[in-house]
Amino acid sequence: MDDSVIGALFDAATKVRAHAYAPYSRFKVGAALICEDGRIFAGCNVENAAFPSGTCAEQGAIAAMIAGGARQIAAIAIVGDAPTPVAPCGACRQRISEFAHSGTRIIAGNHAGLRQIFTMDELLPQAFSLRKDTMA
Ligand code: THU
C-alpha cells in the first residue's frame, strides 16, 4: 500500500474525527476508506442517549461509500486518541468484510501517529459471507 494513500486516508480520518459526536464515551473516532475507483469516503462515530443506537465511524464511512454508488473497499484507516492504534470493533470487522476481500488493508492508527497495518483476513478470519462474488 502506497504511503501517500495511507497519508491521505489518515488526513481524511483525522479531519472527520473532529466532527464526531461522542458525549457519552468521550472517545472520538474517525474512519476513511478508499474505493477501488480512487474515491475517499469518511465517517465519524455518532452516539445516542440510548446507547445501542449509536453508530461507529466505520459505519458512517461505509454508508457514505454506498450512498456515493461504490461497493468495493480497497483500504480503510481508523483513528482515535488511544495509547495504541485503534482497530475496528468486531461488528465493524463484519461490516467492512461485506465490501472487502481477504487481502484488503485495514490500517489502525492513533492520534500520536502510530500505525498498524492488517489484512481483512487477519482481523476477521473465517468471516461470515453469503455472496461475496456478486456484491449486488
Ligand atoms: N467506535 C467506533 O467508532 N469504531 C470502532 O471500531 C470502535 C468503537 C466508537 C463507538 C463509540 O461511540 C465509541 O467508539 C466508544 O466505544
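As shown above, the structure is provided for reference.
Criteria and cut-off values
- Residues numbered from 1 in each chain as written.
- Predicted model: local features only at pLDDT ≥ 70, side-chain atom pairs only at ≥ 80, totals over all residues.
- Heavy atoms only, no water.
- Pairing = 2+ DSSP bridges.
- Helix = DSSP H or I, 4+ residues; strand = E, 2+ residues; numbered from the N terminus.
- Axes fitted to C-alpha atoms, helices over the stretch in contact; angles between N-to-C directions.
- Contact = heavy atoms within 4.5 Å.
- Salt bridge = Lys/Arg side-chain N within 4 Å of Asp/Glu carboxyl O.
- Near = heavy atom within 4 Å.
- Polar contact = N/O pair within 3.5 Å; in protein donor to acceptor, adjacent residues only side chain to side chain.
- Areas by Shrake-Rupley, 256 points an atom, 1.4 Å probe, with all protein chains shown as cover.
- Nonpolar A, V, L, I, M, F, W, Y, C, P; charged D, E, K, R; others polar.

Caption draft 1: Quick look at the sheet that holds strand E3 (residues 73-80). Taken in spatial order, the 5 strands make up an open sheet running E2-E1-E3-E4-E5, and their pairing is mixed. Bordering the open sheet on either side are strand E2 (40-44) and strand E5 (115-119), each of which pairs with just one other strand. If you compare each strand with its neighbour and ignore which way they point, the axes differ by 15 degrees on average. In this structure, strand E1 (residues 29-35) lies alongside E2, joined through 5 bridges in antiparallel fashion. Counted as the bridge partner of Leu-33 is Phe-41 from E2. Lying over the sheet, helix H2 (residues 57-67) contacts E1, E2 and E3, oriented at roughly 140 degrees with respect to E2.

Caption draft 2: Here's a closer look at the pattern of salt bridges. Within this structure, the stated rule accounts for 1 salt bridge. For Arg-39, the salt bridge goes to Asp-37, with nearest N and O atoms at 3.1 Å.

Caption draft 3: Here's a closer look at the site of the ligand. The environment of the ligand is made up of Ser-25, Phe-27, Val-29, Asn-45, Glu-47, Cys-56, Ala-57, Glu-58, Pro-88 and Cys-89. Taking Asn-45, its side chain carries an N or O atom lying 2.9 Å from an oxygen atom of the ligand. A distance of 2.5 Å separates an oxygen atom of the ligand from a polar side-chain atom of Glu-47. Burial of the ligand by the protein amounts to 76% of the accessible area it has alone, namely 370 Å². Classifying every residue of the shell around the ligand gives 6 nonpolar, 2 polar and 2 charged.

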